[in-house]
Amino acid sequence: MKRVNIAAILAAAAFSILSCSREVYLPQGDWNPDVHSKISAMLKECGKSSKGYDATARPYAVFDFDNTSIINDVEISLLNYQLINLRFRLTPDEMYEALTGCLPDIDIPICGDLTARMLAEDVTADYRLLYDRYIGKYDDPHAPEAQAALAEIRNTDEYKDFAAKYATFYPSVSKTYDYATDCIWILKGLNGMTTEEITELTKESCRYFTAMGGTHYVVWESPEMGVCGKVSGAHPEGIGISNEMKSLYRTLKANGIDVYIVSASLETIVEAMACGSEFGFDMDPENVFGLRMKETADGRFSADYDEGYVQTFKEGKTGAIRKYIAPSHGGKGPCLVAGDSNGDYNMLTDFDDMKVGLIIDCGNTGRIDALASSGDPKIAVQCRDLAHGCFVAAPTWSDEFGSDEIDWTVWSKIPRDVHHWSIHMSDYDGCYEMRDGCLVLKGIVNPGIEGDDAPLLTGGVWTVGKHSFGYGRLEIRAKIGEAGGAWPALWMMPQDGEPYLENEYGGEIDICEKLNFDDHAFQTLHTRYTLNDTTGHVHGGRGSIARNEFNIYAVEHYRDSIKLFINDVCTLNYKRQPELGPLQWSFDKKFALYVDMQVGAPWPGEAKLEDLPVEMAIDWIRFYEYPEE
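Remember, predicted model here, so these are calculated numbers, not experimental data. (Residues numbered from 1 in each chain as written. Predicted model: local features only at pLDDT ≥ 70, side-chain atom pairs only at ≥ 80, totals over all residues. Heavy atoms only, no water.)

### Let's talk about the overall build of the protein
As a reminder, the rule being used: Put simply, DSSP marks the helices as runs of H or I at least four residues long and the strands as runs of E at least two long, and each gets a number from the N terminus on. Summary of the burial criterion: residues with accessible area below 20% of their type's maximum are buried, those above 50% are exposed, and those between are partly exposed, where the area comes from a 1.4 Å probe applied to protein chains only. Every residue pair with non-hydrogen atoms within 4.5 Å of one another is taken to be in contact. Only the protein chains shown count as covering a residue, and every accessible area follows the Shrake-Rupley method with a 1.4 Å probe. For the purpose of charge, His is not counted, nor are the chain termini; Lys and Arg are scored as positive and Asp and Glu as negative. The atoms used to mark charge sites are NZ of Lys, CZ of Arg, CG of Asp and CD of Glu.
Helix and strand content of the protein: 16 helices and 29 strands. Within the protein, the proportion of its 629 residues that are buried is 55%. Of all intrachain contacts in the protein linking residues separated by at least 6 positions in sequence, the fraction that spans at least 24 positions is 70%. Entry remark: accessible area of the protein is about 26,800 Å², with carbon and sulfur atoms responsible for 49%. Computing the positive centroid from 57 side-chain charges and the negative centroid from 98, the protein places the two 4 Å apart.

Right, here's the structure in full:
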């Protein structure tokens, strides 16, 4: 669920003005409400507007980088970029040493029955040919002749075998050997490069992968060749940078809170993406801590640990913070720590000064999962959408319709009544189906049900008496079928059973009404005031939809306004206007949700029997509750 948030863009542009004030607020964006609330409280307690703020020992925040500050891993992405573009400085003999030299035992199985020795032999054999034909021939990989040669060599079996087996090698090392070995092995392919070359290559990689607009899984598959035969593996490709994370970095700095990165990736690689304005983090290199390696005598990179440095993985992250960062801040620990994995567990739990521990939920298990679900009031958990490379707020309540049965603890079938929309409602099972992860509601011709003389039957469910919704954002992803006289609707009425027609304080929220074969849907609010209004008071809108496809219909219910959306395009912003009297605003209460297929009425016109059956499929319904402020 990816949104273009104009408000967030304008907020970013206004930071230079806002930073002159005493306090800068974190935009809500797609932060989980609990995360936003805890960070906002921390900013108030620790930021420059607080009474105890000490400019000589400024508070600070520490972020992991991979899968925390960004979505996906900058170091793994760089390796993939090297494989795609054959960007190596190693000779063939050096390649074999890079693949095996740091491994304690190369003859144990690491990928099924395959050992590290077997994989290294195949990768090196392929690399010799690639080196002779391409890698060792061109000094400038961007030159037209080099690009033409690369395009040609990518079609060879040797390239496909090399890329697939190298790409399979890394996760096999990661799951087989210890963490220190894992961290250093992935960097061996950079041996022989200068720091400047690694920096520029990383920036190329980041531009390439961020341009994808999200991540997707790709499969590297080799031909049937070499001692290992055919090998394949899948991994996520692409890098996402959420607006929320960039905004958090800026907001912390604007509130006088210093920001640091402490990453288990190579410091040079992290600096290439985090420093400067290109990718939105604007970090100072002095505030970035990552793994540090040795250099050769001629100033080239060598993936061998610098023993005089506290390496920044697992417990080393805490050690680096205490040794390199805390002394500049009065010896205090960070007020905010952000991470995603078991490698971040220590720094998320070792500092009593920490006000907020932010965990980005990547589906990791182990200690980080236990911490995320511990109920610790300091811990806040943020959801993300890997496919779109963005953050998503966790719904307070949802129905994903993933089971075989309707959840009758939430829903009931809507009974037949005398209103135009309800005269064909039926509890007949043929009007309801759970199919392909969707709730399907149907409008059909009566098949001859005994005792029911209604010519048409329609299915509908509501949450009346079982579940209600207050202030928040309600989203419904639905695919609406078409038929003459079809009038499906997604709408809300007061849970207390006092509709606006019978009680002056009631109200109706029509999230979606679609007629016949229209390429648009209507969204409307009704009160006693709008029914009687003769002054042109706007209370409805309409928006384009993709016909016969899933669209997202939403309402945002605030204390002083209600906004209606179709595919994140606002069709109506209805505001509370006290000067117009109490009947103008009838929405200070909880609402029940109605989801129903309607057929035949004065508005859509007479039902066309030849078009039936007609269906409406509901993929999911999600509600994000807002604080009642």
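Next comes the rest of the description.
### Considerations on the environment of D361
As for its placement among the helices and strands, D361 is situated in the loop between β11 (356-360) and α15 (367-372). Take D361: its relative accessible area is 38%, and that puts it in the partly exposed class. Spatially, the C-alpha atoms of D361 and G319 are 24 Å apart, while their sequence positions differ by 42 residues. The residues touching D361, leaving out its near neighbours within four places in the chain, are V381, Q382 and R384.

### Thoughts on the layout of surface pockets
The line we're drawing: Of the two site types, the cavity is a set of points on a 1 Å grid over the protein atoms alone where a 1.4 Å probe fits but cannot get out, and the pocket is an open set with protein on both sides within 12 Å along at least five of seven lines, each lined by residues with an atom within 4 Å of a point. Grid points are joined across faces, edges and corners, and a volume is the space filled by probe spheres set on the points. Note on residue classes: Ala, Val, Leu, Ile, Met, Phe, Trp, Tyr, Cys and Pro are nonpolar, Asp, Glu, Lys and Arg are charged, and everything else, Gly too, is polar.
In this structure, the second largest pocket encloses a volume near 1,100 Å³. Forming the boundary of the second largest pocket are 41 residues, of which N67, D73, I76, Y170 and S174 lie nearest the centre. At the level of secondary structure, the elements contributing two or more residues to the lining of the second largest pocket comprise α4 (74-85), α8 (157-176), α9 (179-185), β4 (216-221), β5 (232-237) and β6 (258-266). Ranked by residue count, the leading element in the lining of the second largest pocket is α8, at five residues. For the lining of the second largest pocket, the class distribution of residues is 16 nonpolar, 14 polar and eleven charged.

### Describing the sheet that holds β11
Which entries qualify depends on this criterion: Strand pairing is assigned whenever DSSP detects at least two bridges linking the two strands. Where helices are involved, their axes are fitted lines through C-alpha atoms of the stretch in contact, as for all axes, and angles between N-to-C directions lie from 0 to 180°.
What the seven strands build is an open sheet, ordered β7-β6-β1-β10-β11-β12-β13; its pairing is mixed. What marks the edges here is a single partner per strand, and that holds for β7 (288-291) and β13 (390-392). Averaged over neighbouring strand pairs, the angle between their axes works out to 25° when direction is ignored. Pairing of β6 with β7, which is carried by three bridges, proceeds in the parallel orientation. Within the sheet, the bridge partner assigned to I261 lies in β7 and is V288.

### Examining the packing of aromatic side chains
Counted only if it meets this: Geometry of aromatic contacts follows a simple scheme: Phe, Tyr and Trp rings, the Trp one being its six-membered ring, pair when their centres are within 6.5 Å, and the pair is stacked under 30 degrees between planes, edge-to-face over 60, tilted otherwise.
A full pass over the atoms with the stated rule returns 35 aromatic pairs. Pairing F88 with Y127 gives two aromatic rings, centres 6.0 Å apart and planes at 85°, and the pair type is edge-to-face. On the criterion of sequence distance, the pair formed by F88 in the loop between α4 and α5 (92-100) and Y127 in helix α6 (residues 116-135) is long-range, its members being 39 residues apart. In this pair, the class of F88 matches that of Y127, namely buried. Ring plane angle 25° and centroid distance 6.2 Å describe the contact between Y170 and W185, whose orientation is recorded as stacked. You can see Y170 sitting in helix α8 and its partner W185 sitting in helix α9, a full 15 residues away along the chain. Under the relative-accessibility criterion, Y170 is labelled buried at 14%.

### Let's talk about the packing of α4 against α8
We count it as follows: Here is the rule for angles: anything less than 35 degrees is roughly parallel, anything more than 145 is roughly antiparallel, 65 through 115 is roughly perpendicular, and the remaining ranges are oblique. Handedness of a helix crossing follows the sense of rotation of the near helix relative to the far helix, less than a right angle counterclockwise being left-handed and clockwise being right-handed.
In the contact formed by α4 and α8, the axes pass within 10 Å of each other and the chain directions differ by 165°. If you check the angle between α4 and α8, you find them roughly antiparallel. In the crossing of α4 with α8, the sense of the turn from one axis to the other is right-handed. Note on element contacts: α8 touches α4 through Y159, F162, A163, Y166, A167 and Y170, opposite I76, L79, L83 and I84. Partitioning the contact of α4 with α8 into residue classes produces ten nonpolar, no polar and no charged.

### Quick notes on the side chain of H36
Going by this rule: Residues adjacent in sequence count toward polar contacts only when both atoms are side-chain atoms; beyond that, a polar contact is any pair of N or O atoms within 3.5 Å, and within protein one must be able to donate a hydrogen and the other to accept it.
Its location among the elements puts H36 in helix α3 (residues 33-46). Separated by 3.4 Å, the side chains of H36 and Q28 make a polar contact. If near-sequence neighbours (up to four positions away) are discounted, H36 is found in contact with L26, P27, Q28 and W31.

### Topic: the pattern of salt bridges
It is possible for side chains of opposite charge to pair when their charged atoms get near one another. So the rule is basically this: Throughout this description, the term salt bridge denotes a Lys or Arg side-chain nitrogen within 4 Å of a carboxyl oxygen of Asp or Glu.
The tally for this structure, following the rule as stated, stands at 29 salt bridges. Across the salt bridge formed by D344 and K317, the nearest N and O atoms sit 2.5 Å from each other. Of the two residues, D344 sits in the loop between β10 (336-339) and α14 (345-349) while K317 sits in helix α13 (residues 315-325), which places them 27 residues apart along the sequence. Grouping residues by exposure puts D344 and K317 together as buried. A salt bridge links K442 to E433; the shortest N-O distance between them is 2.9 Å.

### So, the sheet that holds strand β23 (residues 520-526)
Sheet architecture is open: seven strands sit in the order β15-β19-β28-β21-β22-β23-β24, paired in antiparallel fashion. Only two strands of the sheet have a single partner each, and these edge strands are β15 (412-413) and β24 (540-544). Here three bridges tie strand β19 (residues 460-462) to strand β28 (residues 591-596), and the two strands are oriented antiparallel to one another. Within β28, the position partnered with G460 by the bridge is D596.

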